Amino acid sequence: MATLTLRFKEKTIREYEIVGGQNLSIGRNPDNDIVIDNPAVSGRHARIESVASNLVIRDMDSTNGVFVNKQRVATHVLHHGDVVLIGKHELAFDVFDIMGGASRGDQDQKTGDTYFEDKTRFLDTSEHRELIRQASGQSAGASSVSAGRDKPEGGKGFFSKLLKKIFG
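Residues numbered from 1 in each chain as written. Predicted model: local features only at pLDDT ≥ 70, side-chain atom pairs only at ≥ 80, totals over all residues. Heavy atoms only, no water.

**Describing the sheet that holds strand 7 (residues 66-68)**
Strand pairs in the sheet, formed through backbone hydrogen bonds, run parallel or antiparallel to each other.
Argument step 1. Read across the sheet, 6 strands follow the order 2-1-11-10-7-8 without closing on themselves; strand pairing throughout is antiparallel. Looking along the sheet, the strands with just one partner apiece sit at the ends: strand 2 (11-18) and strand 8 (71-73). Here the average twist between neighbouring strands, direction ignored, is 30°.
Argument step 2. Sheet analysis places strand 1 (residues 2-8) next to strand 2, joined by 7 bridges and oriented antiparallel. When the sheet's bridge partners are listed, Thr-3 is paired in strand 2 with Glu-17. (Pairing = 2+ DSSP bridges. Helix = DSSP H or I, 4+ residues; strand = E, 2+ residues; numbered from the N terminus. Axes fitted to C-alpha atoms, helices over the stretch in contact; angles between N-to-C directions.)

**Quick word on the side chain of His-45**
Argument step 1. Along the chain, His-45 turns up in the loop between strand 4 (34-35) and strand 5 (46-51).
Argument step 2. A distance of 3.0 Å separates the side chain of His-45 from the backbone nitrogen of Ser-42, its partner in a polar contact.
Argument step 3. Setting aside anything within four residues of it in sequence, one finds His-45 in contact with Ile-26, Gly-27, Ala-40, Arg-58, Asp-59, Met-60, Ser-62, Gly-65, Val-66 and Ile-86. (Polar contact = N/O pair within 3.5 Å; in protein donor to acceptor, adjacent residues only side chain to side chain. Contact = heavy atoms within 4.5 Å.)

**A closer look at the pattern of salt bridges**
Argument step 1. Evaluated as defined, the whole model comprises 4 salt bridges.
Argument step 2. Note that Arg-44 is salt-bridged to Asp-31, the shortest N-O span being 2.5 Å. Of this pair, Arg-44 sits in the loop between strand 4 and strand 5 while Asp-31 sits in the loop between strand 3 (24-27) and strand 4, and the two are 13 residues apart along the sequence.
Argument step 3. With a closest N to O distance of 3.5 Å, Glu-49 and Arg-47 form a salt bridge.
Argument step 4. Overall, Glu-49 belongs to the buried group, its relative accessible area being 11%.
Argument step 5. One continuous salt-bridge network, built from bridges that share partners, spans Arg-47, Glu-49 and Arg-58. (Salt bridge = Lys/Arg side-chain N within 4 Å of Asp/Glu carboxyl O. Buried < 20%, exposed > 50% of the residue type's maximum accessible area, 1.4 Å probe, protein only.)

Encoded structure:
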């Protein structure tokens, strides 16, 4: 489970729970999922998109931009503890373990293990391609799969050389 906490001048305004697969729009217009009524915020400022099992924030060509941890971004995969700045408002991103309630990055008091930080999640090929496509801002039709395109002709690629080395 993930939450976004909307803050202004260190005061919490509202907390939003994000459900897997959910996309959220952020902006000044009242039809956004997260409405920030401030002239420094564009009508359609940003989107949070569910890509594979990640959440990606995307600037929607806003006037003042989107900043994550004080760095301007066009797109960014959100991680526990990230602070998104939109206008003068902050959105603090938190991820929680549904079973134990521990925040991602919190340490177990007994073992000292860090939850999730050292865990590798397997992506199937289509998830991985979709994540890369979304993060790079490509449209679905523009997804480029370069397998074979960069491979030299005549079996001179890496795997051909490796097989020749192994089998002679």
